[in-house]
Amino acid sequence: MRPGRSSSPTRHASAERGGATVCLLAIGLVFVLVGLFGAGLGAARCARHQARVAADFGALAGAVRVLDGVDAACARAAVLVSANGGRLAACRVDGLDLIVTAQVRVVPLPGMARVAAATSRAGPVRAVDG
């Protein structure tokens, strides 16, 4: 044995004690962050689908009332859009078609509110010369 050197294996072990714990915590934090990111994307995607459905149903319901006037058509569209969890952002008539834009508010992550929007058009079927 050389002088000044300890033959005790505990000296090296105590210097490395807790290294695996820190590594495991870092890996766990990465998993939590990836999970939050995935949940945020999922919430945004669901809100986009909900806005699309609300706009589609609002346009279909309002298109039935286009001949009654823009106000009647847009009022009926607003009822269906709100029944599907959205807010009517825009409504206009183009000939016999009704164009509806619906918005849905989403909070994918705490403190990060966004708005998903979708536009839909509905009207009579047009004959195609063939």
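Cut-offs applied
Residues numbered from 1 in each chain as written. Predicted model: local features only at pLDDT ≥ 70, side-chain atom pairs only at ≥ 80, totals over all residues. Heavy atoms only, no water. Pairing = 2+ DSSP bridges. Helix = DSSP H or I, 4+ residues; strand = E, 2+ residues; numbered from the N terminus. Disulfide = S-S within 2.5 Å. Contact = heavy atoms within 4.5 Å. Expected span 1.5 Å × (residues − 1). Buried < 20%, exposed > 50% of the residue type's maximum accessible area, 1.4 Å probe, protein only. Polar contact = N/O pair within 3.5 Å; in protein donor to acceptor, adjacent residues only side chain to side chain. Salt bridge = Lys/Arg side-chain N within 4 Å of Asp/Glu carboxyl O. Axes fitted to C-alpha atoms, helices over the stretch in contact; angles between N-to-C directions.

**What to know about the pairing of strand E2 (residues 97-109)**
On a regular strand, each side chain points to the face opposite its neighbour's, so the side chains alternate between the two faces of the sheet. Judged from the seven bridges that link them, strand E1 (residues 87-94) and E2 form a sheet pairing that is antiparallel. Bridge pairing in E2 links Asp94 to Asp97. Two successive antiparallel strands, E1 and E2, enclose a turn made up of two residues, where Gly95 displays a positive phi of approximately 70 degrees.

**As for the state of the cysteines**
On inspection of all chains with the given rule, the structure shows one disulfide. Note on cysteine connectivity: Cys74 is disulfide-linked to Cys91, with sulfurs 2.0 Å apart. Negative torsions about the S-S bond denote left-handed disulfides, and the value of about -90 degrees found for Cys74 with Cys91 makes this one left-handed. On the criterion of sequence distance, the pair formed by Cys74 in helix H3 (residues 70-83) and Cys91 in strand E1 is long-range, its members being 17 residues apart.

**Brief notes about the environment of Leu96**
Following the sequence through the fold, Leu96 ends up in the loop between E1 and E2. Counting along the chain gives 29 residues from Leu96 to Leu67, while the straight-line C-alpha distance between them is 7.6 Å. Beyond its immediate stretch of four places on either side in the chain, Leu96 contacts Val66, Leu67, Ala122, Gly123 and Pro124.

**Re H3**
Look at H3: 20 Å from first C-alpha to last across 14 residues, which is about the 20 Å you get at 1.5 Å a residue. If you follow the buried residues of H3, they end up packed against helix H2 (19-63), E1 and E2. Gly85 sits one or two residues past H3 and shows a positive phi near 85 degrees.

**With respect to the side chain of Thr101**
Inspection of the secondary structure puts Thr101 in strand E2. The exposure class assigned to Thr101 is buried, which follows from its relative accessible area of 18%. Among the polar contacts made by the side chain of Thr101, one reaches the side chain of Thr119 at a distance of 2.9 Å. Residues contacting Thr101, with those up to four places away along its chain left out, are Arg87, Leu88, Ala89, Ala90, Ala118 and Thr119.

**A look at the pattern of salt bridges**
Pairing between side chains becomes possible if they bear opposite charge and their charged atoms approach one another. Enumeration over the complete set of coordinates arrives at two salt bridges. A salt bridge links Asp94 to Arg121; the nearest nitrogen and oxygen atoms lie 2.5 Å apart. Here the residue Asp94 occupies a position in strand E1, and Arg121 occupies one in strand E3 (residues 112-122), the gap between them amounting to 27 residues. For Arg121, a relative accessible area of 47% translates into the label partly exposed. With its nearest N and O atoms 3.0 Å apart, the salt bridge here joins Arg121 to Asp97. With Arg121 in strand E3 and Asp97 in strand E2, the pair connects residues that are 24 residues apart, well separated along the chain.

**Thoughts on the side chain of Asp97**
Judged by relative accessible area, Asp97 falls into the buried class, the value being 7%. Polar side-chain contacts of Asp97 include one of 3.0 Å to the side chain of Arg121. Not counting the four nearest positions on each side in its chain, Asp97 is found in contact with Arg92, Arg121, Ala122, Gly123, Pro124 and Arg126.

**Things to note about the sheet that holds E2**
What the three strands build is an open sheet, ordered E1-E2-E3; its pairing is antiparallel. Both outer strands of the open sheet, E1 and E3, are each paired with one neighbouring strand and no more. Direction aside, neighbouring strands of the sheet carry axes that sit 20 degrees apart on average. Bridging between E2 and E3 involves 10 bridges; their strand directions are antiparallel. Residue pairing in the sheet places Val106 in a bridge with Arg114 of E3. In the packing of H2 onto the sheet, the strands contacted are E2 and E3, and the crossing angle to E2 comes to about 160 degrees. Each of E1 and E2 is contacted by H3, which is oriented at about 145 degrees to E1, the strand it contacts most.

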